[in-house]
Amino acid sequence: MVWASITLTFILSRIIPADPARLAAGMQAGPAQVEEVRRSLGLDKPLFEQYLTYLRGILKFDLGKSIQTRQSVTADILRYLPATLELVLSSFFVIAVFGILFGVLWARFPKSFFSKVMSATSVIGVAMPVFWTGLLLQMFFAAKLGWFPIAGNLPYQEFGVNFVTGMGTVDSLLAGNMTALRESVIALILPVTTLVISQIGVATRLTKATMEVELKQRYVTTARARGVNEWRITILDALRNALNPVVTMLGLQFGWLLGGTILVEVVFSWPGLGLYAFNAFRTFDYNPILAITLVITITFVLMNELVSLIYPVLDPKLRETS
Amino acid sequence: MNSPLLIVNELNVTYGDNLHAAVSNVSFEVARAASMAIVGESGSGKSTLALSLIRLLGPNAKLSADTIVFDGTNIMSATKSQLRKIRRDQIGTVFQDPFSSWNPSRTVGTQLLDAFPKSSHESVRETLIDYMEVVGIDRAASRLDDYPYRFSGGLLQRAMIAGALLGNPSLLIADEPTSALDVTVQAELLNLLDDLQHERGLALLLISHNIAVVSKISEKTMVMYAGELVEESSTIDLLTHPKHPYTVNLLSSTPTMSQKRKIPLFAISNKGPSDQGCVYSSKCSIAIAQCKIEKPPLIILGSTRVACHRSNEVDTLMEHNYDPIT
Amino acid sequence: MKNLNGEQKLLSKNILKLKNLSVAILYGLIGLIALAVLFPSVFTPHDPYGLDVINRLKAPSLNHLFGTDEGGRDIFSRVIQGARVSVGSSILIVGLSASFGTFFGAIAGWFGGLLDTLLMRVVDVFLSFPYLVLAMALAASIGRDMRSSILALALVWWPGYARMVRGQVLSIKAKLFIRASRSLGATNGNLLLWHVIPHTSRAVAVRMSLDIGYVLIALTGLSFLGLGAQNPSPEWGLMVSNAKSYISVAWWYSFFPGLAIVLIVSLFVSFGDRLSRDYI
């Protein structure tokens, strides 16, 4: 799977009608310089050999150099990945927790005002393009009201925090700087809100639907006949069984979240992989593009593995046979 | 101590917009340590009646009653927590399908202990193990930690009975407890219920569509048709001298092992219940004009209550093509 | 009984009316969109490409309902013209992926065996491929314009149809009427074309409607990143991207094109939902 997509991207990147060496050398470069660049990038070798070099490089964690940043791509990725992780993990956490929470409440109180609000709002998030939501939030809350920074995460120098991981929150903690920590959290709020708005409706609606199914089951009536508290039934009985499909969906959502993250990073100039990829793309910088494909694909595969690991926890039959 | 355990007056249940009530104006009493049965075909309202006693009906159901008083407590006006205590301690329930009545993702023990506060779990667990042995489950202690899929249907029902006994109830409601089980297991389970009822002085309310089942262990039987109570009598009287045409037909359509039968089994017509007058009049073979216009009230004939205009003629007019089930 | 029947008829007519009303609105709106896509010039008060630098970045007014952009162009007209680009392309993408996917899935499901396994492997590879990456790679190969984005999205969307149609075909295969047709001498191709594929058309139609919404979101996102439409195209995502530089001075510039996206997506998703409820 991973192999298939890496190869596919490699093929695509080499099928260009345009000359990559020329693009890399720049429009002003003369033919001699273009040849120079071609040789240095190994683009004069036969295609298959290039492919092998590429694969070998991956195994050695050598992903080539970025023309833009002039650093090794591996180093670039290590530098920018944490900030993206900070964004993605925070958003995912909020979506999972509140998606499930609202879904449970919605199923438990189907005729309440809350329920009506949920029906109305849970569909809207999907229709709003992530970049638009981000821009609107940015326009109103950052530019107009000034409650949040318009761009970036933590201004490291301003707060005298050292760049260790690249995650504003973590680095502030490491430096023991509480004001910096506060600042990094504030900077996280708008981008995370944007991502949450776009995805939470899916989780909420699915949780509500599966909970409704569970609450109609016979064993719920039996539990009530034993005098069990309604909330206990909701959480310990119904939710436990409802989680199965919800977890699967959350796994899928993680993938969609990654796509949305790129857009959010561009809108908020968040210094993560998304912004890096965006810049690499604009300047036809190949190695980063290939590398990012690799990273994204590996993340997808990892996520799927993780999800399948959780199933035995939820289903006792699987647990006892494995 | 001589007052009845359960008094029900004019209990009504309607679902949604349905004009025809699921349970219509039913009144009865259950004495302490009495063994009673409610029989009727599917749709007669017997299960609905049983569930409504502990207010366990779904959100679509509208329950109304003049009185439902259990052991001095007014069920209709009880608070949620009072109701929960009653369900846990005073009224035990056993349901029909053992396989869907348990949450497959949790152990049998945790599910049975759910209603009790954490602090008392240890002592309740001990009691539960005792009861499980009483109902015939081997290695009860380790069984408690098993998941439902490891139990057979019969054992699951036994576990459910053990759980129902936990709070020391004075009433046990068993809604078709054996319908989903094999015949051999059925007999064992019924005997178990019978023994428990006698040994512990429990009142047992057994609900079934099968008159043969209840005849073995219930002293008194109520017959329901289309949501109404049509006859109530001691079981022996019911089987030998039924006073309602429906009861007669029900008995005639029940196969028995006796060899004396020469007449084929009776088939009750499948016409729906009538809207006007007696609810059984559309199928009744001895129905007269009055039956189709005027609803027969429940009258008392000796120790029987019956709702039929021609109840005293039933004996002579209807063919006794059944054998008393012994 | 006559009265009862008569009364019943009136009741059902009333129910139909209410149901029909909301469906009618949906159809009407979609018709309107179709018109805007096909004949945008009917609806545009100004020239969508007409520069008028003196009037740049003006707030919404009667003359310019959605205000003007940095070139003084009327945003309302550009949004209308943009429908042709954004919505039109989305429809094209969905059309392409639905046709190819249906064909692919029908063959896989119908003939089964090794062919089925092989084809489904291909589907698996494409199914989990993140479209963004593919779009970037294609844009790098073919060039940065709508063609590469349309191709990229079509390549990513077709597996969904293949899988769905294959499943439907598998269940239809077993049904009696196919056996009956065969006994009458129908050939494989005949069966496929005239019986099997039309039977899947309802589910496909529902999916297509929903997908037009989802694809529109993806497509505008790609243009926002600079991968799809290029200036001066009035593509909605591109407009929002251009508006980024002016957020503090011209809120209307990023607001209205985005609003158009939200409305169109909601429309198609509601339509798809309604279709699925009525037919499935």
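Let us look at the structure shown here. (Residues numbered from 1 in each chain as written. Chains lettered and ligands numbered in written order. Predicted model: local features only at pLDDT ≥ 70, side-chain atom pairs only at ≥ 80, totals over all residues. Heavy atoms only, no water.)

With respect to the packing of aromatic side chains
So, step 1. Counted under the stated rule, the structure contains 23 aromatic pairs over all chains.
So, step 2. Here Phe109 of chain A and Trp231 of chain A contribute two aromatic rings whose centre-to-centre distance is 6.0 Å and whose plane-to-plane angle is 65 degrees, an arrangement assigned as edge-to-face. Within this pair, whereas Phe109 of chain A is found in the loop between helix 5 (73-108) and helix 6 (113-127), its partner Trp231 of chain A is found in helix 12 (residues 230-268), the two being separated by 122 residues in sequence.
So, step 3. Classification of Phe109 of chain A as partly exposed rests on a relative accessible area of 36%.
So, step 4. Across from the ring centre of Trp102 of chain B, 4.9 Å away, lies the NZ or CZ of Arg226 of chain A, which sits over that ring. (Phe/Tyr/Trp six-rings, centres within 6.5 Å; stacked < 30°, edge-to-face > 60°. Helix = DSSP H or I, 4+ residues; strand = E, 2+ residues; numbered from the N terminus. Buried < 20%, exposed > 50% of the residue type's maximum accessible area, 1.4 Å probe, protein only. Lys NZ or Arg CZ within 6 Å of the ring centre and 35° of its normal.)

Quick word on the sheet that holds strand 9 (residues 203-208) of chain B
Across a sheet, paired strands are connected by hydrogen bonds in the backbone, their directions being either parallel or antiparallel.
All names here are of chain B.
So, step 1. Read from one edge to the other, the open sheet built from eight strands follows the order 7-8-9-3-10-11-13-12, with strand pairing classed as mixed. At either margin of the open sheet sits one strand with a lone partner, and together these are strand 7 (91-94) and strand 12 (299-301). Sheet twist, expressed as the mean angle between neighbouring strand axes with direction ignored, is 20 degrees.
So, step 2. Inspection of the sheet shows strand 11 (residues 228-234) paired to strand 13 (residues 304-306) by two bridges, in the antiparallel sense. Each residue of the ladder has a partner; that of Glu232, found in strand 13, is Arg305. (Pairing = 2+ DSSP bridges. Axes fitted to C-alpha atoms, helices over the stretch in contact; angles between N-to-C directions.)

Focus: the environment of Thr210 of chain A
All names here are of chain A.
So, step 1. Here Thr210 lies in helix 10 (residues 178-215).
So, step 2. Judged by relative accessible area, which is 14%, Thr210 ranks as buried.
So, step 3. Taking the C-alpha atoms as reference points, Thr210 and Thr293, 83 residues apart in sequence, are found 34 Å from one another.
So, step 4. Not counting chain neighbours up to four residues away, the residues in contact with Thr210 comprise Ala242, Pro245 and Val246. (Contact = heavy atoms within 4.5 Å.)

Digging into the packing of helix 12 of chain A against helix 13 (residues 273-282) of chain A
Residue and element names in this part refer to chain A.
So, step 1. Two numbers describe how helix 12 lies on helix 13: the axes approach to 7 Å, and their chain directions differ by 80 degrees. On the basis of their axis angle, the class for helix 12 and helix 13 is roughly perpendicular. Here helix 12 contributes Ile262, Glu265 and Val266 to the contact with helix 13, which in turn contributes Leu273, Gly274, Leu275 and Phe278.
So, step 2. The residue makeup of the contact of helix 12 with helix 13, split by class, is five nonpolar, one polar and one charged. (Parallel < 35°, antiparallel > 145°, perpendicular 65-115°, else oblique. Nonpolar A, V, L, I, M, F, W, Y, C, P; charged D, E, K, R; others polar.)

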